[in-house]
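# Descriptive structure summary
If you want the building blocks of each chain, they are given just below.
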Protein chains: 2
Amino acid sequence: MQYMQYMQQITGFFKKKVLISGGLGFLGSNLAIKLVELGAKVTIIDSLIPEYGGNLWNINPIKDKVTVNISDVRDEHSMRHLIQGQEYFFNLAGQTSHLDSMNNPFTDLDINAKSQLSILEACRKYNPDIKVVFASTRQLYGKPRYLPVDENHPVVPIDVNGINKMSGECYHIVYNQVYGIKTIIFRLTNTFGPRMRIKDARQTFLGIWVRNLIENKPITIFGDGTQIRDYNYVDDVVEAFLNVEKYESWSGDIYNLGNNDPISLKSTAELMIKENNAGSFDFVDFPKELKKIDIGDYYCDYSKISKHLGWTPQTSNCLGFKKTLKYFKENYEHYI
Amino acid sequence: MQYMQYMQQITGFFKKKVLISGGLGFLGSNLAIKLVELGAKVTIIDSLIPEYGGNLWNINPIKDKVTVNISDVRDEHSMRHLIQGQEYFFNLAGQTSHLDSMNNPFTDLDINAKSQLSILEACRKYNPDIKVVFASTRQLYGKPRYLPVDENHPVVPIDVNGINKMSGECYHIVYNQVYGIKTIIFRLTNTFGPRMRIKDARQTFLGIWVRNLIENKPITIFGDGTQIRDYNYVDDVVEAFLNVEKYESWSGDIYNLGNNDPISLKSTAELMIKENNAGSFDFVDFPKELKKIDIGDYYCDYSKISKHLGWTPQTSNCLGFKKTLKYFKENYEHYI
């Protein structure tokens, strides 16, 4: 009983009913593991589409402590049922590949825009008091007009994925303003860590880099390696999600996530090789189809979330890469 | 021959193959009539969905001089065929009702976003040299943060229609940047004139006002009548469309249309009553479902198009209302 009281004191998620879409994916599974630790009653939705991030192994540590519902956010009937009775909904399912969005724009539209409408309609009709946390992306900003990018930066998406994610985000805001649906939006930057997709570069190029390092293959850097990125270790992103507890207005505010140590692609490769104690990298010309939708240098100003929700990233790039490599070396066979 | 040469001199549309979606609607039919006058070979696409603006009577003056294809922009197969061989595509079909977009968000998404993707995919694959003119809307700006609203104003749509139109617009820009599809975007304000929908307020509240005046019923003003709007008479908007001839880069630039005589709703009603030589108006409280998606005062800065394409509106509100009332009095039975 003492332990339970302690849990109640430190977290508002104790015994809370929480739904996570994309819950077998990278962010969703890490969040689910933490929420189970905190005593939440977690239901996971995931479609397990092979090209996306869902992987049953991701929830191995909590497999007997969560409800897993295999379905697609495009399936409005299952969503309508699953959303009922939930207190929090971490809306994380999405198509994340920029290149896939250009090659198959209709699938991207269905998942990133239409499904969001469908989810919000279900909330409005069947659970208007649910609190919705939406995972958006820095891709909405397009090519930065200034650095660091804050939340007031113009939204000028440069690929189909960015446009559809923008719609998904806007629906959340309109459904808040018109119907009072409680929502908060996080614009994520490159997130990495245990349980990410490493099969290919679909989720993040860091995935395929980790795989190559483990397989003793050289890392491939597109361009000259000077491009700047800010990375978040997944535990820090999970922490930001959990900090929604401190959010009182639930009025669709937008928060950037980022860190204060943006580095070049070349430095990223060097750092990962150092943490791996082995490895090499090659430069290749930017593939033409990627160059056209590339955003150039990016790093953000995350001071708004620091100020409002008290969040700052805690994990250095070095430590993050070390932990990530360790995880994938130990669990390699489940991810390739 | 002399006449033809004269036509060739004054317009680049002589003998040009031009496709107009929504061509039986308000803007589309007025544009088609003008293009036929200028010697263009016009094909019209329209779905004739009863709630939208399509009306066969609209093209009565040119019914034997255009090709009419009844189909829906959501029908990718017919679009794929129709787009081939065309030199210009005036992409005007759209769902325009803000309230309908809230009541049936999926239809709005299909027409205003998904169909646009489908159209652009067809252009990319089957007619990459076509010039696409996209009719967008001031609704993208949401509630103005400053007045007059220029093209740099943040895009913050406040209803589902605004979000989906924003996607449709962004797809045009991305398809230009990535695939080189030639495109230009006009953000229209309240447009009025002959051939608009007057059955109800779905296309513009000015429609139902005209109908009420003709039927000797009082005009209903929502709110206190102080709200400001800028109106464009349809001939001026058609002129802007024809001015794309002067546009050389075809690189997805965005242009506001507007006029320099913004007036209040109350003044609008008074002006229309004056031109009608009869009529009255009542004030009623803003309906709750409309208030939430209302944008407040709006008028725009259209100096960018004036500078780049030499366009300025020529028709005063008074003259516009006079001509509109005359048209609908003469053609009343075809519009109710």
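Residues numbered from 1 in each chain as written. Chains lettered and ligands numbered in written order. Predicted model: local features only at pLDDT ≥ 70, side-chain atom pairs only at ≥ 80, totals over all residues.

## As for the overall build of chain A
Threshold: Secondary structure counts use DSSP, requiring at least four H or I residues in a row for a helix and at least two E residues in a row for a strand, with both numbered from the N terminus. Atoms counted for the radius of gyration: C-alpha only. Globule rule: 2.2 Å times residue count to the power 0.38. Field definition: a residue is buried when 20 or more other C-beta atoms are found within 10 Å of its C-beta, exposed when 12 or fewer are, and partly exposed for counts in between, with C-beta atoms placed from the backbone. The contact criterion used here is simple: two residues whose C-beta atoms, placed from the backbone, lie within 7 Å are in contact.
Looking only at helices and strands, one finds 12 helices and 13 strands in chain A. In terms of overall size, chain A behaves like a compact globule, its C-alpha atoms giving a radius of gyration of 19 Å where 336 residues would be expected to give roughly 20 Å. With the principal axes as the frame, chain A shows a C-alpha extent of 50 × 45 × 40 Å. Residue burial in chain A is summarised as follows: out of 336 residues, 51% are buried. Of all intrachain contacts in chain A linking residues separated by at least 6 positions in sequence, the fraction that spans at least 24 positions is 80%.

## Considerations on the sheet that holds strand 5 (residues 131–137) of chain A
Residue and element names in this part refer to chain A. In plain terms, the rule: Two strands are said to pair when DSSP picks up at least two bridges between them. Here, axes are lines fitted to C-alpha atoms. For helices the fit covers the stretch in contact, and angles between N-to-C directions go from 0 to 180 degrees.
In space, the 7 strands of this open sheet follow the order 3-2-1-4-5-6-11, with parallel pairing throughout. The sheet is open, and its two edges are formed by strand 3 (67–70) and strand 11 (251–256), each paired on a single side. Neighbour to neighbour, the strand axes of the sheet diverge by 15° on average, direction disregarded. In this sheet, strand 11 lies alongside strand 6 (residues 182–188) in parallel orientation, the contact comprising 5 bridges. Looking at the pairing, Thr183 lines up with Ser251 of strand 11.

## Overview of the relation of the copies chain B and chain A
Quick note on the threshold: Least-squares superposition of the copies uses the C-alpha atoms of those residues scoring a pLDDT of at least 70 in each of them.
In the superposition of chain B on chain A (RMSD 0.0 Å, axial shift 0.0 Å), the rotation amounts to 180°. The superposition operator between the copies reduces to a two-fold rotation axis. Same-surface contact between copies: 100% of interface residues of chain B are shared with the interface of chain A.

## What about the environment of Lys274(A)?
Within the secondary structure, Lys274(A) sits in helix 9 (residues 265–276). Taking the C-alpha atoms as reference points, Lys274(A) and Arg202(A), separated by 72 residues in sequence, lie 24 Å from one another.

## Comments concerning the nonpolar core
Note the following rule: Defined on buried residues, the nonpolar core groups Ala, Val, Leu, Ile, Met, Phe, Trp, Tyr and Cys residues joined through C-beta atoms within 7 Å.
Membership of the largest hydrophobic core comes to 186 residues, with the highest contact counts inside it found for Ile20(A) and Ile20(B). Discounting residues that sit within four places of it in the chain, Ile20(B) has contacts with Gly28(B), Leu31(B), Ala32(B), Val42(B), Ile44(B), Ile45(B), Phe90(B) and Leu92(B).

## Focus on the interface of chain B and chain A
With 23 residues of chain B at the contact, the number on the chain A side is 23 residues. Those elements that place two or more of their residues in the side of chain B that touches chain A are helix 5 (105–126) and helix 6 (160–179) of chain B. With 8 residues, the single largest contributor to the side of chain B that touches chain A is helix 6 of chain B.

## Brief notes about unusual backbone geometry
Cis geometry is adopted by the peptide bond preceding Pro148(A), which originates at Leu147(A) and carries an omega value of -10°. Mapped onto the fold, Pro148(A) is located in the loop between strand 5 and helix 6 (160–179).

## A word on the environment of Asp150(B)
Residue and element names in this part refer to chain B. Note on placement: Asp150 falls in the loop between strand 5 (131–137) and helix 6. In sequence terms Asp150 and Asp235 are 85 residues apart; their C-alpha atoms lie 22 Å from each other. Excluding residues within four positions of it along the chain, Asp150 makes contact with Asn256 and Asp301.

## Some words on helix 9 (residues 265–276) of chain B
Residue and element names in this part refer to chain B. Where we set the bar: By definition here, a helix of n residues has an expected span of 1.5 Å times n minus one. As used here, the arc belongs to the directions running from the helix axis to the C-beta atoms.
Here helix 9 contains 12 residues, and its C-alpha end-to-end distance of 16 Å stays within 8% of the 16 Å for a straight helix at 1.5 Å per residue. Of the residues making up helix 9, those classed as buried are Leu265, Thr268, Ala269, Met272 and Asn276. What you see down the axis of helix 9 is that its buried residues fit within an arc of 95°, all on one side. Elements in contact with the buried residues of helix 9: helix 7 (205–214), strand 8 (219–222), strand 9 (228–229), strand 12 (263–264), strand 13 (281–284) and helix 12 (317–331). Count one or two residues on from helix 9 and you reach Asn277, which has phi positive near 60°.

## Quick word on the pairing of strand 8 of chain B
Residues and elements named next belong to chain B. Only one face of strand 8 is covered, namely the one carrying Ile219 and Ile221; the face carrying Thr220 and Phe222 has none of its residues buried. By the bridge criterion, 4 bridges tie strand 8 to strand 13 in an arrangement that is parallel. Bridged to Thr220 within strand 13 is Asp282.

## What to know about the packing of helix 5 of chain B against helix 6 of chain B
Residue and element names in this part refer to chain B. Rules: In these notes the angle categories are as follows: under 35 degrees is roughly parallel, over 145 is roughly antiparallel, 65 to 115 is roughly perpendicular, and the rest is oblique. Put simply, Ala, Val, Leu, Ile, Met, Phe, Trp, Tyr, Cys and Pro go in the nonpolar bin, Asp, Glu, Lys and Arg in the charged bin, and everything else, Gly too, in the polar bin.
Where helix 5 meets helix 6, the closest approach of the two axes is 8 Å, and the angle between their N-to-C directions is 10°. Of the possible angle classes, the one that applies to helix 5 and helix 6 is roughly parallel. For the pair helix 5 and helix 6, the contacting residues are Pro105, Asp108, Leu109, Asn112, Ala113, Gln116, Leu117, Leu120 and Arg124 in the first and Val160, Asn161, Asn164, Lys165, Ser167, Gly168, Tyr171, His172, Tyr175 and Tyr179 in the second. A breakdown of the residues in the contact of helix 5 with helix 6 according to their chemical character gives 9 nonpolar, 7 polar and 3 charged.

## Topic: helix 6 of chain A
All names here are of chain A. End to end, helix 6 covers 28 Å across 20 residues, agreeing with the expected 28 Å (1.5 Å per residue, within 8%). The element helix 6 is largely enclosed, with a buried count of 17 among its 20 residues. Immediately downstream of helix 6, the backbone of Gly180 shows phi near 75°, a positive value.

## A few points about the environment of Asp200(A)
Its location among the elements puts Asp200(A) in the loop between strand 7 (190–192) and helix 7 (205–214). Since 13 C-beta atoms lie within 10 Å of it, Asp200(A) is described here as partly exposed.

## Quick look at the packing of helix 3 (residues 76–83) of chain B against helix 5 of chain B
Residues and elements named next belong to chain B. To keep things clear, this is the line we draw: By convention the crossing between two helices is left-handed if the near helix lies anticlockwise of the far one by an angle smaller than a right angle, and right-handed if it lies clockwise.
The contact between helix 3 and helix 5 brings their axes to 9 Å, and the two run at 40°. By the criterion of interaxial angle, the relationship of helix 3 to helix 5 is oblique. In terms of crossing hand, the pair formed by helix 3 and helix 5 is right-handed. Contact residues: Glu76, Met79, Arg80 and Ile83 in helix 3; Ser118, Ile119, Ala122, Cys123 and Tyr126 in helix 5. Its residues assigned to classes, the contact of helix 3 with helix 5 shows 6 nonpolar, 1 polar and 2 charged.

## Digging into the sheet that holds strand 2 (residues 41–46) of chain B
Residue and element names in this part refer to chain B. In space, the 7 strands of this open sheet follow the order 3-2-1-4-5-6-11, with parallel pairing throughout. Single-partner strands in this sheet number two, and they are strand 3 (67–70) and strand 11 (251–256). Sheet twist, expressed as the average angle between the axes of neighbouring strands with direction ignored, equals 15°. Two elements, strand 4 (residues 88–91) and strand 5, share 4 bridges in a ladder whose sense is parallel. Along strand 5, the bridge assignment pairs Tyr88 with Lys131. Each of strand 1 (17–21), strand 2, strand 4 and strand 5 touches helix 2 (residues 26–37); the most contacted strand, strand 2, lies at about 165° to it.

## Points about the pairing of strand 4 of chain B
Residues and elements named next belong to chain B. With burial as the criterion, each face of strand 4 is covered, one bearing Tyr88 and Phe90 and the other bearing Phe89 and Asn91. Here strand 1 pairs with strand 4 via 4 bridges, running parallel. Within strand 4, the position partnered with Ser21 by the bridge is Asn91.

## A closer look at the confidence of the model for chain A
Selection criterion: A residue's pLDDT is simply how confident the predictor is in it, with values from 0 to 100.
Mean pLDDT for chain A: 94, with 97% of residues reaching 70 or above. Predicted complex metrics record ipTM = 0.92 and pTM = 0.94.

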